[in-house]
Amino acid sequence: MKAPILSAGRLYCDLVFANTPRLPTFGTEVFAPGLSLHAGGGAFITGATLSALGHSVWQFSTLPARPFDSVALADLAAHGVVATATAAAGENVDPQVTVAIAHAGDRAFLTRADGPAIPDPASLDFAKFAHLHIGELSTLEEMPELLERARAANMTVSLDCGWQDSYAPNVGQLIAAIDVFLPNESEVAALSAIGIPENCAPLTVIKGGKTGARARTRTSDTWTYKSTTQVEVLDATGAGDAFNAGFLSCWLNKIPLEQCLTKGNEHGTAAVQAFGGASYLTQMETA
Ligand SMILES: Nc1ncnc2c1ncn2[C@@H]1O[C@H](COP(=O)(O)OP(=O)(O)OP(=O)(O)O)[C@@H](O)[C@H]1O
Ligand SMILES: [Mg+2]
(Lines give C-alpha, C1' and ligand atoms only; values in the text may rest on other atoms or scores of the structure.)
(Ligands and ions follow the chains in the order given, each with its own letter.)
Protein backbone atom coordinates (compact mmCIF):
# COMPACT_ATOMS: atom_id res chain seq x y z
CA MET A 1 0.00 0.00 0.00
CA LYS A 2 1.15 3.55 -0.80
CA ALA A 3 2.40 5.83 1.97
CA PRO A 4 -0.39 8.04 3.28
CA ILE A 5 -1.10 11.72 2.58
CA LEU A 6 -1.06 14.17 5.47
CA SER A 7 -3.72 16.89 5.15
CA ALA A 8 -2.96 19.83 7.46
CA GLY A 9 -5.00 22.94 8.20
CA ARG A 10 -7.79 24.52 10.20
CA LEU A 11 -10.60 22.11 11.02
CA TYR A 12 -13.98 23.66 11.65
CA CYS A 13 -17.39 22.51 12.67
CA ASP A 14 -19.77 23.98 10.07
CA LEU A 15 -23.32 24.72 11.21
CA VAL A 16 -25.25 24.99 7.97
CA PHE A 17 -28.72 26.56 8.10
CA ALA A 18 -30.43 25.38 4.92
CA ASN A 19 -32.98 27.20 2.73
CA THR A 20 -33.22 30.19 5.04
CA PRO A 21 -36.13 32.43 3.90
CA ARG A 22 -34.06 35.61 4.40
CA LEU A 23 -30.90 36.76 6.14
CA PRO A 24 -31.36 37.83 9.77
CA THR A 25 -31.44 41.56 10.49
CA PHE A 26 -31.07 43.35 13.84
CA GLY A 27 -34.16 43.05 15.99
CA THR A 28 -35.72 40.20 13.97
CA GLU A 29 -35.59 36.42 14.13
CA VAL A 30 -35.47 34.05 11.18
CA PHE A 31 -36.46 30.38 11.44
CA ALA A 32 -34.51 28.08 9.13
CA PRO A 33 -36.26 24.96 7.85
CA GLY A 34 -33.11 22.84 8.27
CA LEU A 35 -29.80 22.64 10.10
CA SER A 36 -26.89 20.24 9.64
CA LEU A 37 -23.49 19.98 11.30
CA HIS A 38 -20.38 18.91 9.37
CA ALA A 39 -16.61 19.00 9.55
CA GLY A 40 -15.34 21.89 7.45
CA GLY A 41 -12.20 23.62 6.24
CA GLY A 42 -10.04 23.09 3.17
CA ALA A 43 -7.76 20.43 4.66
CA PHE A 44 -10.79 18.30 5.58
CA ILE A 45 -12.58 18.64 2.23
CA THR A 46 -9.46 17.94 0.17
CA GLY A 47 -8.51 15.04 2.47
CA ALA A 48 -12.00 13.50 2.43
CA THR A 49 -12.07 13.71 -1.37
CA LEU A 50 -8.61 12.16 -1.70
CA SER A 51 -9.81 9.39 0.61
CA ALA A 52 -12.85 8.80 -1.64
CA LEU A 53 -10.43 8.59 -4.56
CA GLY A 54 -8.65 5.68 -2.88
CA HIS A 55 -5.79 7.42 -1.09
CA SER A 56 -4.90 6.83 2.52
CA VAL A 57 -5.27 10.21 4.28
CA TRP A 58 -4.45 11.48 7.76
CA GLN A 59 -5.83 14.76 9.07
CA PHE A 60 -3.31 16.99 10.88
CA SER A 61 -5.39 19.56 12.73
CA THR A 62 -6.44 20.90 16.08
CA LEU A 63 -10.00 19.73 16.71
CA PRO A 64 -12.74 22.31 17.29
CA ALA A 65 -13.26 22.72 21.06
CA ARG A 66 -15.94 20.68 22.85
CA PRO A 67 -18.74 19.86 22.08
CA PHE A 68 -18.01 20.36 18.36
CA ASP A 69 -14.99 18.01 18.37
CA SER A 70 -17.33 15.03 18.22
CA VAL A 71 -18.91 16.31 14.98
CA ALA A 72 -15.47 16.66 13.34
CA LEU A 73 -14.34 13.22 14.54
CA ALA A 74 -17.54 11.54 13.30
CA ASP A 75 -17.16 13.15 9.86
CA LEU A 76 -13.48 12.19 9.59
CA ALA A 77 -14.46 8.59 10.38
CA ALA A 78 -17.37 8.69 7.91
CA HIS A 79 -14.99 9.79 5.13
CA GLY A 80 -12.29 7.27 6.03
CA VAL A 81 -9.78 9.93 7.12
CA VAL A 82 -7.45 8.88 9.96
CA ALA A 83 -7.85 11.14 13.01
CA THR A 84 -4.88 9.86 15.06
CA ALA A 85 -2.83 13.01 14.38
CA THR A 86 -5.54 15.45 15.47
CA ALA A 87 -5.23 17.12 18.87
CA ALA A 88 -7.79 18.50 21.30
CA ALA A 89 -8.16 22.27 21.45
CA GLY A 90 -6.44 23.89 24.41
CA GLU A 91 -8.29 25.15 27.46
CA ASN A 92 -9.86 28.60 27.01
CA VAL A 93 -9.90 28.24 23.21
CA ASP A 94 -13.23 29.13 21.60
CA PRO A 95 -14.94 26.41 19.54
CA GLN A 96 -13.78 26.78 15.94
CA VAL A 97 -17.15 27.08 14.24
CA THR A 98 -18.54 28.44 10.99
CA VAL A 99 -22.20 29.37 10.83
CA ALA A 100 -23.31 29.20 7.20
CA ILE A 101 -26.68 30.70 6.24
CA ALA A 102 -27.86 29.41 2.89
CA HIS A 103 -30.27 31.76 1.14
CA ALA A 104 -31.27 32.18 -2.52
CA GLY A 105 -28.42 30.11 -3.93
CA ASP A 106 -25.74 31.89 -1.88
CA ARG A 107 -24.36 31.67 1.62
CA ALA A 108 -23.33 34.10 4.33
CA PHE A 109 -20.67 32.92 6.78
CA LEU A 110 -19.78 33.81 10.34
CA THR A 111 -16.57 32.15 11.53
CA ARG A 112 -14.55 31.95 14.71
CA ALA A 113 -10.96 30.73 14.23
CA ASP A 114 -9.08 30.46 17.51
CA GLY A 115 -5.92 28.81 18.82
CA PRO A 116 -3.29 27.04 16.70
CA ALA A 117 -4.51 25.54 13.40
CA ILE A 118 -2.45 22.38 13.82
CA PRO A 119 -0.71 20.46 16.61
CA ASP A 120 3.05 20.83 17.18
CA PRO A 121 4.73 19.19 14.14
CA ALA A 122 7.29 17.68 16.55
CA SER A 123 4.47 15.49 17.89
CA LEU A 124 4.23 13.52 14.63
CA ASP A 125 6.57 11.16 12.79
CA PHE A 126 6.59 12.56 9.23
CA ALA A 127 8.65 9.66 7.88
CA LYS A 128 5.59 7.51 7.19
CA PHE A 129 3.94 10.00 4.80
CA ALA A 130 4.50 10.55 1.08
CA HIS A 131 2.78 13.92 0.62
CA LEU A 132 1.72 16.93 2.67
CA HIS A 133 -1.27 19.03 1.61
CA ILE A 134 -1.73 22.32 3.47
CA GLY A 135 -5.29 23.62 3.36
CA GLU A 136 -4.49 27.33 3.55
CA LEU A 137 -1.46 29.60 3.26
CA SER A 138 -2.13 31.15 6.70
CA THR A 139 -1.41 27.78 8.35
CA LEU A 140 1.99 27.60 6.64
CA GLU A 141 2.71 31.21 7.68
CA GLU A 142 1.75 30.29 11.24
CA MET A 143 3.84 27.09 11.27
CA PRO A 144 6.68 27.17 8.67
CA GLU A 145 8.27 24.29 10.57
CA LEU A 146 5.66 22.09 8.87
CA LEU A 147 7.48 22.55 5.58
CA GLU A 148 10.91 21.86 7.10
CA ARG A 149 9.64 18.60 8.61
CA ALA A 150 8.01 17.50 5.34
CA ARG A 151 11.17 18.23 3.38
CA ALA A 152 13.34 16.38 5.91
CA ALA A 153 11.05 13.38 5.38
CA ASN A 154 11.29 13.65 1.54
CA MET A 155 7.60 14.43 1.22
CA THR A 156 6.16 16.40 -1.69
CA VAL A 157 4.07 19.42 -0.64
CA SER A 158 0.95 21.12 -2.03
CA LEU A 159 -0.63 24.31 -0.73
CA ASP A 160 -4.01 25.99 -1.25
CA CYS A 161 -4.13 29.72 -0.69
CA GLY A 162 -7.38 30.95 0.86
CA TRP A 163 -8.31 34.62 1.25
CA GLN A 164 -6.15 36.78 3.54
CA ASP A 165 -6.21 40.51 4.20
CA SER A 166 -2.43 40.61 4.65
CA TYR A 167 0.56 38.34 4.15
CA ALA A 168 3.71 37.46 6.10
CA PRO A 169 6.84 39.24 4.81
CA ASN A 170 8.37 35.89 3.74
CA VAL A 171 5.27 34.65 1.88
CA GLY A 172 7.12 34.54 -1.48
CA GLN A 173 9.83 32.30 -0.02
CA LEU A 174 7.24 29.96 1.50
CA ILE A 175 5.33 29.59 -1.80
CA ALA A 176 8.58 29.09 -3.74
CA ALA A 177 9.58 26.24 -1.42
CA ILE A 178 6.53 23.98 -1.95
CA ASP A 179 5.83 21.82 -5.05
CA VAL A 180 2.25 22.65 -6.12
CA PHE A 181 0.47 25.93 -5.33
CA LEU A 182 -3.32 25.96 -5.85
CA PRO A 183 -4.77 29.49 -5.49
CA ASN A 184 -7.84 30.91 -7.26
CA GLU A 185 -7.75 33.91 -9.63
CA SER A 186 -8.52 36.56 -6.99
CA GLU A 187 -5.96 35.16 -4.55
CA VAL A 188 -3.29 35.16 -7.24
CA ALA A 189 -4.20 38.77 -8.13
CA ALA A 190 -3.82 39.78 -4.46
CA LEU A 191 -0.39 38.11 -4.32
CA SER A 192 0.66 39.74 -7.61
CA ALA A 193 -0.28 43.12 -6.11
CA ILE A 194 2.40 42.62 -3.43
CA GLY A 195 4.99 41.50 -5.97
CA ILE A 196 4.67 37.70 -5.85
CA PRO A 197 4.86 36.44 -9.45
CA GLU A 198 2.29 33.95 -10.75
CA ASN A 199 5.04 31.40 -11.40
CA CYS A 200 6.56 31.64 -7.91
CA ALA A 201 6.04 27.93 -7.10
CA PRO A 202 7.55 25.08 -9.15
CA LEU A 203 3.98 24.29 -10.33
CA THR A 204 1.12 26.79 -10.05
CA VAL A 205 -2.48 25.73 -10.65
CA ILE A 206 -5.00 28.58 -10.74
CA LYS A 207 -8.69 27.82 -10.26
CA GLY A 208 -10.93 30.05 -12.32
CA GLY A 209 -14.48 29.17 -11.23
CA LYS A 210 -16.78 28.43 -14.17
CA THR A 211 -13.92 28.94 -16.64
CA GLY A 212 -12.06 25.89 -15.27
CA ALA A 213 -8.37 26.14 -14.42
CA ARG A 214 -4.90 26.87 -15.78
CA ALA A 215 -1.45 25.61 -14.81
CA ARG A 216 2.18 26.29 -15.57
CA THR A 217 5.55 25.25 -14.26
CA ARG A 218 7.99 27.86 -13.01
CA THR A 219 10.21 27.52 -16.04
CA SER A 220 7.54 27.25 -18.74
CA ASP A 221 6.46 30.32 -20.77
CA THR A 222 2.96 29.08 -21.38
CA TRP A 223 -0.13 28.16 -19.39
CA THR A 224 -2.05 24.95 -19.94
CA TYR A 225 -5.77 25.85 -19.88
CA LYS A 226 -8.58 23.40 -19.23
CA SER A 227 -12.19 24.55 -19.41
CA THR A 228 -15.00 22.82 -17.55
CA THR A 229 -18.65 21.96 -18.14
CA GLN A 230 -21.18 24.74 -17.55
CA VAL A 231 -23.53 23.70 -14.75
CA GLU A 232 -26.06 25.30 -12.43
CA VAL A 233 -24.41 26.20 -9.14
CA LEU A 234 -26.21 25.04 -6.01
CA ASP A 235 -23.42 25.93 -3.55
CA ALA A 236 -19.85 26.87 -4.47
CA THR A 237 -18.45 26.22 -0.95
CA GLY A 238 -15.41 23.96 -1.06
CA ALA A 239 -15.29 23.63 -4.86
CA GLY A 240 -11.66 24.71 -4.81
CA ASP A 241 -10.83 22.11 -2.17
CA ALA A 242 -12.56 19.37 -4.16
CA PHE A 243 -10.65 20.53 -7.27
CA ASN A 244 -7.39 20.20 -5.30
CA ALA A 245 -8.12 16.55 -4.52
CA GLY A 246 -8.96 15.63 -8.11
CA PHE A 247 -5.83 17.39 -9.36
CA LEU A 248 -3.51 15.97 -6.69
CA SER A 249 -4.85 12.45 -7.02
CA CYS A 250 -3.55 12.45 -10.62
CA TRP A 251 -0.42 14.50 -9.95
CA LEU A 252 0.68 12.11 -7.20
CA ASN A 253 0.33 9.27 -9.71
CA LYS A 254 2.54 11.22 -12.18
CA ILE A 255 -0.28 11.61 -14.70
CA PRO A 256 0.21 14.36 -17.37
CA LEU A 257 -0.75 17.91 -16.38
CA GLU A 258 -3.76 18.21 -18.73
CA GLN A 259 -5.37 15.13 -17.22
CA CYS A 260 -4.67 16.43 -13.70
CA LEU A 261 -6.57 19.63 -14.63
CA THR A 262 -9.43 17.64 -16.12
CA LYS A 263 -9.79 15.57 -12.94
CA GLY A 264 -9.60 18.72 -10.81
CA ASN A 265 -12.38 20.35 -12.84
CA GLU A 266 -14.47 17.18 -12.63
CA HIS A 267 -14.43 17.36 -8.83
CA GLY A 268 -14.78 21.15 -8.58
CA THR A 269 -17.74 21.12 -10.96
CA ALA A 270 -19.39 18.21 -9.12
CA ALA A 271 -18.91 20.04 -5.81
CA VAL A 272 -20.77 23.20 -6.94
CA GLN A 273 -23.82 21.08 -7.73
CA ALA A 274 -24.29 19.91 -4.12
CA PHE A 275 -24.48 21.63 -0.71
CA GLY A 276 -21.25 21.69 1.31
CA GLY A 277 -17.79 20.77 0.14
CA ALA A 278 -17.72 17.00 0.67
CA SER A 279 -21.39 15.95 0.46
CA TYR A 280 -21.25 15.51 -3.34
CA LEU A 281 -18.91 12.57 -2.77
CA THR A 282 -21.78 10.34 -1.79
CA GLN A 283 -23.48 11.15 -5.11
CA MET A 284 -20.46 10.97 -7.40
CA GLU A 285 -18.91 8.00 -9.12
CA THR A 286 -15.35 8.22 -7.81
CA ALA A 287 -13.85 5.24 -9.53
N1 LIG B 1 -19.86 27.86 -11.95
C2 LIG B 1 -19.11 26.77 -12.12
N3 LIG B 1 -19.38 25.88 -13.07
C4 LIG B 1 -18.63 24.76 -13.27
N5 LIG B 1 -17.53 24.48 -12.51
C6 LIG B 1 -17.19 25.34 -11.53
C7 LIG B 1 -17.95 26.53 -11.27
N8 LIG B 1 -17.35 27.17 -10.25
C9 LIG B 1 -16.29 26.44 -9.88
N10 LIG B 1 -16.17 25.34 -10.65
C11 LIG B 1 -15.12 24.30 -10.59
O12 LIG B 1 -14.54 24.31 -9.29
C13 LIG B 1 -13.15 24.72 -9.38
C14 LIG B 1 -12.79 25.56 -8.20
O15 LIG B 1 -13.65 26.66 -8.13
P16 LIG B 1 -13.18 28.12 -7.77
O17 LIG B 1 -12.35 28.66 -8.86
O18 LIG B 1 -14.40 28.87 -7.37
O19 LIG B 1 -12.24 27.81 -6.52
P20 LIG B 1 -12.12 28.56 -5.15
O21 LIG B 1 -12.47 30.00 -5.33
O22 LIG B 1 -10.80 28.25 -4.59
O23 LIG B 1 -13.25 27.83 -4.29
P24 LIG B 1 -13.41 27.76 -2.70
O25 LIG B 1 -14.68 28.51 -2.43
O26 LIG B 1 -13.53 26.31 -2.41
O27 LIG B 1 -12.20 28.39 -2.10
C28 LIG B 1 -13.02 25.42 -10.72
O29 LIG B 1 -11.70 25.38 -11.18
C30 LIG B 1 -13.99 24.60 -11.57
O31 LIG B 1 -13.41 23.37 -11.95
MG1 LIG C 1 -10.21 28.28 -2.54
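Computed from a prediction, not measured in an experiment: that's the story for all the values here.

**Student:** Please set out empty space enclosed by the protein residue by residue, giving values where relevant.
**Tutor:** What the rule picks out here adds up to 2 cavities of 30 Å³ or more. The volume enclosed by the largest cavity comes to roughly 70 Å³. Forming the walls of the largest cavity are 13 residues, and the residues nearest its centre are T62, L63, A89, V93 and D114. A per-class count over the lining of the largest cavity returns 6 nonpolar, 4 polar and 3 charged. Here the second largest cavity defines a volume of roughly 50 Å³. Taken together, I175, F181, V188, L191, S192, I196, P197, E198, C200, A201 and T204 make up the full set of residues lining the second largest cavity.

**Student:** Mind laying out the sheet that holds strand β3 (residues 34-40), listing which residues take part and the relevant values?
**Tutor:** Across the sheet, which stays open at both edges, the 4 strands sit in the order β3-β2-β5-β6 with mixed pairing between neighbours. In this open sheet, the two strands that pair with only one neighbour each are β3 and β6 (106-112). Neighbour-to-neighbour, the strand axes of this sheet turn through a mean angle of 20 degrees, independent of strand direction. Inspection of the sheet shows strand β5 (residues 97-103) paired to β6 by 7 bridges, in the antiparallel sense. Bridging across to β6, A100 finds its partner in F109. Sheet strands touched by helix α2 (residues 69-78): β2 (12-18) and β3. Its angle to β3, the strand with the most contacts, is close to 70 degrees.

**Student:** How would you summarise the sheet that holds strand β10 (residues 203-207) if you had to cite specific residues and measurements?
**Tutor:** The 8 strands are arranged β4-β1-β7-β8-β9-β10-β11-β12 in an open sheet whose pairing can be described as mixed. Both edges of this open sheet fall to β4 (57-60) and β12 (224-226), since each of them pairs with a single strand only. The sheet shows a mean angle of 15 degrees between the axes of neighbouring strands, taken without regard to direction. Here β10 pairs with strand β11 (residues 213-217) via 5 bridges, running antiparallel. Paired with K207 across the two strands is A213, which belongs to β11. With respect to the sheet, helix α4 (residues 145-152) is in contact with β1 (5-8), β4, β7 (131-134) and β8 (156-160), its orientation differing from that of β8 by roughly 150 degrees. Across the sheet, helix α7 (residues 239-252) touches β1, β7, β8, β9 (180-182), β10 and β11, and the angle it forms with β10 is around 145 degrees.

About the cut-offs
Residues numbered from 1 in each chain as written. Chains lettered and ligands numbered in written order. Predicted model: local features only at pLDDT ≥ 70, side-chain atom pairs only at ≥ 80, totals over all residues. Heavy atoms only, no water. 1 Å grid on protein atoms, 1.4 Å probe; cavity = no way out; pocket = protein on both sides within 12 Å on 5 of 7 lines; lining within 4 Å. Points joined across faces, edges and corners; volume = space filled by probe spheres on them. Nonpolar A, V, L, I, M, F, W, Y, C, P; charged D, E, K, R; others polar. Pairing = 2+ DSSP bridges. Helix = DSSP H or I, 4+ residues; strand = E, 2+ residues; numbered from the N terminus. Axes fitted to C-alpha atoms, helices over the stretch in contact; angles between N-to-C directions. Contact = heavy atoms within 4.5 Å.

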